[in-house]
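Okay, here's what each chain looks like letter by letter:
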Amino acid sequence: MGTAEMTPVAKTTTTTTATRTRTRRPIILSIDIGSSSIRCTPYMIVSHVVGEDRREKEEEQEETDFDSTAAVAAATAAATSTAATSLGGAPPLVLPIRTCSSVCQRSSVEPETGRILLERSTTSYREQDLLTGTTATWNEQDRAPVGGSDDSTNASTAAAAAAAITTCCSSLWQDIDSCIDNTLQCLRRGDEPWRSADDNDEQQQQQQQFDSSHSSPPHSFEIVAVGITSFVMNLVGIRSSSSIKEEQPILVDIPHIITDERVGKLYQRTGAPIHPAYALGQLRALYHDVMEEESEEPKQQMMMKRDIKVDKKISKWTSIASICISNWTERDIHSMPISYSEASWTGMFDFWLGKWDEECLSLLPISCRNALPQVGQEVVEGGLNGEYQQRWPEFRNDCKFLLGCGDGACANIGSKCTSGVNRIAVTIGTSAAARLLLRLPVRDEGSVGGDASLDEIPMGLFCYRVDKDHVLLGGALTDGGSVIAWLRQLLNLKSQDEYHDCEQKALVEYRRAACTASHDEKKTNTVHSSSSSSSSSSSNKVLTFLPFLSGERSTGFRVGATGFISGLSRCTTSVDLLRECLESVVLRINAILELFQKAVIRLDHVSDAVIVASGNALEKSDLWREMLADCSGMTVVLDEDAHEGTSRGAALLVAKMLVEEMSCCKSTTSIEMSKEKLSVSHQSTPDELCRRYWMVKKQIQNQLIDTMESSWK
């Protein structure tokens, strides 16, 4: 756990050694711990922000006290002018070394239950190393972690899932370490081209020009900093005892404990609804027996699903990223904080004040409150401990580790959506989300406002703090690309060619239907002006799908929601089903976009706002992007640099921290960076002729949701 005694290696002080070290390429490692894979990607830094006077001062210091920031300046100075010329403007802050990116395909979340799978392979239900929801326990003595949750899972089933204990080491941590091993191995070999085979000609030319100024072999490198992004939310409990009673959790009905008015105010402070996906209800479930000792709360106020006795000796709750940093370094796990991002995603963090919410804390037992970690933007320095120094000798002795950042926040940063209301990030991978990154300083450090004029969070959105200066406003769907994966399995569209053929037919049918709706003025007006009964009759004739296969988050957060399809007939084809599934997800994303206009005062008046698309499912589907543009009325673009945007976002946070140090700026990880230029590779513009078609589709889907809602309770 990173507690071994060791003497730090002294910094290089001789001119000869400093000169030798200066030839090494400074590398950032970005580690993306996702729900379906782990990725480690190395990035080179392009420091175009540092002033010449600062660089000269750094060069003077190199002779006596070599610093990693000087290495950054020395290794990137020559490349700056080359990259700037090739890109026709300010160069990017980081460039990926894609061929040295290491990926471990592992399912960290069980699809049907939402349980975190820390052990990659299991042989029986009782041998699984997992626990429900967001919480887990980590045993320092035998290194046996248990549990966790993913922000993209069906939390209602996760909260009722079973717990089990195992004494073997968790393969999650082994897989993370193995990804780093593989990336370092590739960098050491020095025989790989430092560009991706799937880059287009322009990207390859830019990378070749950049590489020409770095003729030294790849094995001459050093790791100067590490950034970690992970699925959220996750809490891991640290305990020293090797025993815990294996029983089962309950689900607490929080709205029955506090009034509706208090629930509404809590939502406005934390930016998260009362929902089983968040930590409050799950922690109350885990500490149920402890709360009974500390409170006389009637048992009938709780929905007793199962029973668990949590280990009362849990000394600290922390995050996956903080455990990684503690494992690698000399930092004691009990002193490790978690980031603003990780804390806010628990749903118990007051994003206005930048601290744990007092009312949430009051609903937890004292032992749980005392075990919650400190929150901050701390950068952990000091390099690796003895074990990992031998394993990864390329890490600098003063290597810096940033605390974990939520994958959604990093995806926005990596896809260049850091300029407030002008760029909206929409991601469709397995799940789906739409997000805005807004400037909103914490109240105790500056203005309440910021550039977003954010006054109130509309029900249906989340608002998480990213750092002291910014929040992430958005909404998420549990099912995005998973809807298409389900349909392909249902329709037996196994090969990519079969699916592509079906999608092309769906594209033709979509354009025909949209054109028909536009020209059939009389029919369209009838739908919008008719009574609710006639509208209901119309909806029965239209194929309509509710994409809640794994439950619903935004915008209704309806616990128990399920998928539903209406309007099937003998004439329904596989093409019809595919088109409707694609449209149904677009409609739910558009519902999130419409809520943005209620939350952000100036969004209605932004005429140049664009949607930046990301996620494999959305990036690969021209039809899905066309539908999104037509439905939202906004231009949808693909950016060449936004591939693997989550990893890129983590690397940008690290690079900015290093650049700020070189520039004598603040050393925190604030993301107040200049607006990056979009490198548009594909653009979908909205077709005004499709507007009426989507108005009708939206009305019919909303009516079906209202009809089905009573059956979900």
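We now turn to the structure provided with this report. Just so you know, these numbers come straight off a predicted model, no measurement behind them. (Residues numbered from 1 in each chain as written. Predicted model: local features only at pLDDT ≥ 70, side-chain atom pairs only at ≥ 80, totals over all residues. Heavy atoms only, no water.)

Quick word on the packing of aromatic side chains
Link 1 in the chain: For the coordinates displayed, the defined rule picks out 16 aromatic pairs.
Link 2 in the chain: When the ring of Phe 462 is compared with that of Tyr 464, the centres are 4.5 Å apart and the planes differ by 5 degrees; the resulting orientation is stacked.
Link 3 in the chain: On the basis of relative accessible area, Phe 462 is assigned to the buried category, the value being 4%.
Link 4 in the chain: On the basis of relative accessibility, which here comes to 0%, the residue Tyr 464 falls in the buried class.
Link 5 in the chain: Members of the aromatic cluster, each reached through a chain of ring pairs, are Trp 328, Tyr 388, Trp 392, Phe 395 and Phe 401. (Phe/Tyr/Trp six-rings, centres within 6.5 Å; stacked < 30°, edge-to-face > 60°. Buried < 20%, exposed > 50% of the residue type's maximum accessible area, 1.4 Å probe, protein only.)

Describing the pattern of salt bridges
Link 1 in the chain: What the rule picks out here adds up to 26 salt bridges.
Link 2 in the chain: The shortest N-O distance in the salt bridge between Lys 416 and Asp 639 comes to 3.2 Å. Pair noted here: Lys 416 is in the loop between helix H15 (407-414) and strand S17 (423-428) and Asp 639 is in strand S24 (residues 635-639), with a separation of 223 residues, a long-range link.
Link 3 in the chain: On the basis of relative accessibility, which here comes to 6%, the residue Asp 639 falls in the buried class.
Link 4 in the chain: Through salt bridges that share partners, Arg 24, Glu 222, Arg 396 and Asp 398 make up one connected network. (Salt bridge = Lys/Arg side-chain N within 4 Å of Asp/Glu carboxyl O. Helix = DSSP H or I, 4+ residues; strand = E, 2+ residues; numbered from the N terminus.)

Describing helix H7 (residues 260-270)
Link 1 in the chain: Inspection of H7 places Val 263, Leu 266, Tyr 267 and Thr 270 among the buried residues, and these make up the whole buried set. Along the axis of H7, the buried positions cluster into a sector of 105 degrees, meaning they face one direction only.
Link 2 in the chain: In this structure, the buried residues of H7 make contact with helix H8 (279-286), strand S11 (349-350), helix H12 (358-362) and strand S19 (462-465). (Arc of directions from axis to C-beta. Contact = heavy atoms within 4.5 Å.)

A short note on the packing of helix H20 (residues 574-599) against helix H22 (residues 622-632)
Link 1 in the chain: Following both chains from N to C, one finds H20 and H22 inclined at 45 degrees, their axes separated by 9 Å at the closest point. With respect to H22, the element H20 is oriented oblique. Taken as a pair, H20 and H22 cross one another with a handedness that is right-handed. Contacts between H20 and H22 involve Arg 579, Leu 582, Glu 583, Val 585, Val 586, Leu 587, Ile 589, Asn 590 and Leu 593 from the first element and Leu 623, Trp 624, Met 627, Leu 628, Cys 631 and Ser 632 from the second.
Link 2 in the chain: Split into classes, the residues belonging to the contact of H20 with H22 amount to 11 nonpolar, two polar and two charged. (Axes fitted to C-alpha atoms, helices over the stretch in contact; angles between N-to-C directions. Parallel < 35°, antiparallel > 145°, perpendicular 65-115°, else oblique. Left-handed = near helix turned anticlockwise from the far one by under 90°. Nonpolar A, V, L, I, M, F, W, Y, C, P; charged D, E, K, R; others polar.)

Some thoughts on a nonpolar patch on the surface
Link 1 in the chain: A cluster of nonpolar side chains, Trp 486, Leu 490 and Leu 549, forms an exposed patch at the surface whose accessible area comes to about 270 Å².
Link 2 in the chain: Mapped onto the elements, Leu 549 comes out in the loop between strand S21 (544-546) and strand S22 (564-566).
Link 3 in the chain: Leu 549 gets classed as partly exposed once you look at its relative accessible area, which sits at 35%. (Patch = residues over 30% accessible without salt bridge, like charges linked within 9 Å, V, L, I, M, F, W, Y side chains within 5 Å. Areas by Shrake-Rupley, 256 points an atom, 1.4 Å probe, with all protein chains shown as cover.)

A few points about the pairing of strand S20 (residues 470-477)
The side chains of a regular strand alternate between both faces of the sheet.
Link 1 in the chain: Across the eight residues of S20, eight count as buried, placing the element largely inside the fold.
Link 2 in the chain: Burial along S20 is two-sided: the face carrying His 470, Leu 472, Gly 474 and Ala 476 and the face carrying Val 471, Leu 473, Gly 475 and Leu 477 are both buried.
Link 3 in the chain: Pairing geometry for strand S18 (residues 432-439) and S20, over eight bridges, is antiparallel. Counted as the bridge partner of Leu 437 is Leu 472 from S20.
Link 4 in the chain: Where S19 lies against S20, four bridges are found, and the strand directions are antiparallel. Bridge pairing in S20 links Arg 465 to Val 471.
Link 5 in the chain: Joining the antiparallel neighbours S19 and S20 is a turn of four residues. (Pairing = 2+ DSSP bridges.)

Re the state of the cysteines
Link 1 in the chain: Under the criterion given, the structure shown has one disulfide.
Link 2 in the chain: Covalently, Cys 100 is tied to Cys 186 through a disulfide, its sulfur atoms 2.5 Å apart. Between Cys 100 and Cys 186, the S-S torsion sits near -65 degrees, and that sign places the bridge as left-handed. Of this pair, Cys 100 sits in the loop between strand S3 (94-96) and strand S4 (102-105) while Cys 186 sits in helix H5 (residues 171-189); the two residues are 86 residues apart in sequence, bridging distant segments of the chain. (Disulfide = S-S within 2.5 Å.)

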